[in-house]
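# Report on the structure
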Amino acid sequence: MPEYRDSFEMLKGLYGEEATETVALERSYRSTRPIVEFTSRMIAGGERIIPFNREGEKPSLTAAGGRDRTIEADCGTAARA
């Protein structure tokens, strides 16, 4: 059995190139521009996402790595507390 990179490749293998079509949805209509700019750096191909032109607050990310370690990021700036 061949190894596939993703499920879309598997479908092409099952149904053939001529019977499958990949459609990439790259425009965001729900998230604000700051949210799209923040999250697009976290996913492969995120630079292709076109944000809806609506302003909003910049998101922040807080991850707890244990009792004495917290990492906070504000749209790309990271600091340890």
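Since we're looking at a predicted model, the values are computed, not measured. (Residues numbered from 1 in each chain as written. Predicted model: local features only at pLDDT ≥ 70, side-chain atom pairs only at ≥ 80, totals over all residues. Heavy atoms only, no water.)

### Regarding the overall build of the chain
A count of helices and strands for the chain gives 2 helices and 3 strands. Along the chain, from the amino end to the carboxyl end, the secondary structure elements read α-α-β-β-β. Considering only residue pairs separated by 6 or more positions, the chain has 17% of its internal contacts joining residues 24 or more positions apart. Accessible area of the chain: about 7,100 Å², with a carbon and sulfur share of 52%. (Helix = DSSP H or I, 4+ residues; strand = E, 2+ residues; numbered from the N terminus. Contact = heavy atoms within 4.5 Å. Areas by Shrake-Rupley, 256 points an atom, 1.4 Å probe, with all protein chains shown as cover.)

### Side note on a nonpolar patch on the surface
On the surface, F8, M10, L11, L14 and Y15 cluster together to form a nonpolar patch covering roughly 540 Å² of accessible area. Following the sequence through the fold, L14 ends up in helix α1 (residues 7–15). The exposure class assigned to L14 is exposed, which follows from its relative accessible area of 58%. (Patch = residues over 30% accessible without salt bridge, like charges linked within 9 Å, V, L, I, M, F, W, Y side chains within 5 Å. Salt bridge = Lys/Arg side-chain N within 4 Å of Asp/Glu carboxyl O. Buried < 20%, exposed > 50% of the residue type's maximum accessible area, 1.4 Å probe, protein only.)

### What to know about the packing of aromatic side chains
The full count for this structure, using the stated rule, is 1 aromatic pair. Measuring from centroid to centroid gives 6.2 Å for Y29 and F52, while their planes differ by 55°, and the two rings are tilted. Placement of Y29 in the loop between α1 and α2 (33–39) and of F52 in the loop between α2 and β1 (60–66) is noted, with a sequence separation of 23 residues between them. Residue classification places Y29 among the exposed positions, given a relative accessible area of 54%. (Phe/Tyr/Trp six-rings, centres within 6.5 Å; stacked < 30°, edge-to-face > 60°.)

### Considerations on the pattern of salt bridges
Summed over the entire model, instances satisfying the criterion amount to 3 salt bridges. Of the charged contacts, one joins E37 and R33 as a salt bridge, the two residues approaching to 3.7 Å between their closest N and O atoms. Linking E37 with R33, this pair stays in helix α2, spanning 4 residues, or about one helical turn. Within the structure, one salt-bridge network assembled from shared partners comprises R33, E37 and E55.

### Section: the confidence of the model for the chain
Summarising the model, the chain shows a mean pLDDT of 77, and 74% of its residues fall at 70 or more. Mean pLDDT across the secondary structure elements of the chain bottoms out at strand β3 (residues 77–80), with 44, and peaks at α2, with 90. Contacts from residues 76–81, a stretch scored under 50 in pLDDT, to residues over four places away or in other chains number 14 contacts. (pLDDT = per-residue confidence, 0-100.)

### Things to note about the environment of P59
Checked against the element boundaries, P59 lands in the loop between α2 and β1. Judged by its relative accessible area of 16%, P59 is buried.

### Re the side chain of S40
With respect to the element layout, S40 can be found in the loop between α2 and β1. Overall, S40 belongs to the buried group, its relative accessible area being 14%. One polar contact links the side chain of S40 to the main-chain carbonyl oxygen of E37, over a distance of 3.3 Å. Those residues in contact with S40 that lie beyond four places of it in its chain are G46, E47 and I49. (Polar contact = N/O pair within 3.5 Å; in protein donor to acceptor, adjacent residues only side chain to side chain.)

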